[in-house]
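Survey of secondary and tertiary structure
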Amino acid sequence: MTRKSTQTPAKTTTPPRSRSDRQSITFERVARLAPHHGLADNLVRTFGLDPVDYDGIRDATGEHIAATAKAFGTALNEKALQIHLQRITGAFVSSAFGAAQFYGTKKSAAMELTSKLLNDDRDEDRDGPAGFESKAERARLFAAEMALQSFALLAAAEGALAAYADITGEDWKPYEAPVAPAASVARKSAAVEMAAFQTA
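Now for a description of the structure that goes with this document. From a predicted model like this one, the values you see are computed outputs, not experimental measurements. (Residues numbered from 1 in each chain as written. Predicted model: local features only at pLDDT ≥ 70, side-chain atom pairs only at ≥ 80, totals over all residues. Heavy atoms only, no water.)

The next point concerns helix 4 (residues 78-117). If you check helix 4, its first and last C-alpha atoms are 59 Å apart, about what 40 residues at 1.5 Å a residue would give, namely 58 Å. Between a side-chain oxygen at the N-terminus of helix 4 and the backbone nitrogen of K79 the separation is 3.2 Å; the capping residue is N77. (Helix = DSSP H or I, 4+ residues; strand = E, 2+ residues; numbered from the N terminus. Expected span 1.5 Å × (residues − 1). Polar contact = N/O pair within 3.5 Å; in protein donor to acceptor, adjacent residues only side chain to side chain.)

So, about the packing of aromatic side chains. Per the stated rule, a full pass over the model turns up two aromatic pairs. Aromatic pair F102 and F142: ring centres 6.2 Å apart, planes at 90 degrees, arrangement edge-to-face. With F102 in helix 4 and F142 in helix 5 (residues 132-168), this residue pair connects regions lying 40 residues apart in the sequence. Judged by its relative accessible area of 34%, F142 is partly exposed. (Phe/Tyr/Trp six-rings, centres within 6.5 Å; stacked < 30°, edge-to-face > 60°. Buried < 20%, exposed > 50% of the residue type's maximum accessible area, 1.4 Å probe, protein only.)

With 19 residues, helix 3 (residues 54-72) should reach 27 Å at 1.5 Å per residue; the first-to-last C-alpha distance of 28 Å fits that figure. What helix 3 keeps buried is the set Y54, T61, G62, I65 and A69. Along the axis of helix 3, the buried positions cluster into a sector of 95 degrees, meaning they face one direction only. Away from its buried face, by an angle of more than 90 degrees, helix 3 presents the exposed residues E63, H64, K70 and A71. (Arc of directions from axis to C-beta.)

In structure tokens form, the structure reads like this:
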């Protein structure tokens, strides 16, 4: 009888990514990914979709956050309110960022399907796969719908940013955990000297 090897494959561990490796989610970054007013208007006309009330969503979001902050009264001190609003605003910005990324993937998928459909190098003697054109059409429509959702959430994020600035008097910035202080030279030296006692 042969014995089965009991060796297990070595696990590869990847070092944790430092915060400097990750790009913070800012409103400016979201705005670069999300559709702008002109594109949103064009998609509404082309696909016959309902327009997004960007100004209405932005203003309503800001008013909602302002009303909530006022409702706290003296339950939160100034610092606690600012921390709370920082998190709330961050959630709006993160939601808009996720929607913008999703829109980008759906736009790419629609473009890929459509480019295959319009490819002049296809065999002229053969029809495309059954239902391929309708699939590409659905992909374009879905990408347009996701674009308008992204546009709407961008408006909400802008409203949250405006409310944060009005209430706190400061511009919102993504939260970054404080960096742990580096060990002093004296502590490093002490650690090296203590390690010397452990040498066999």
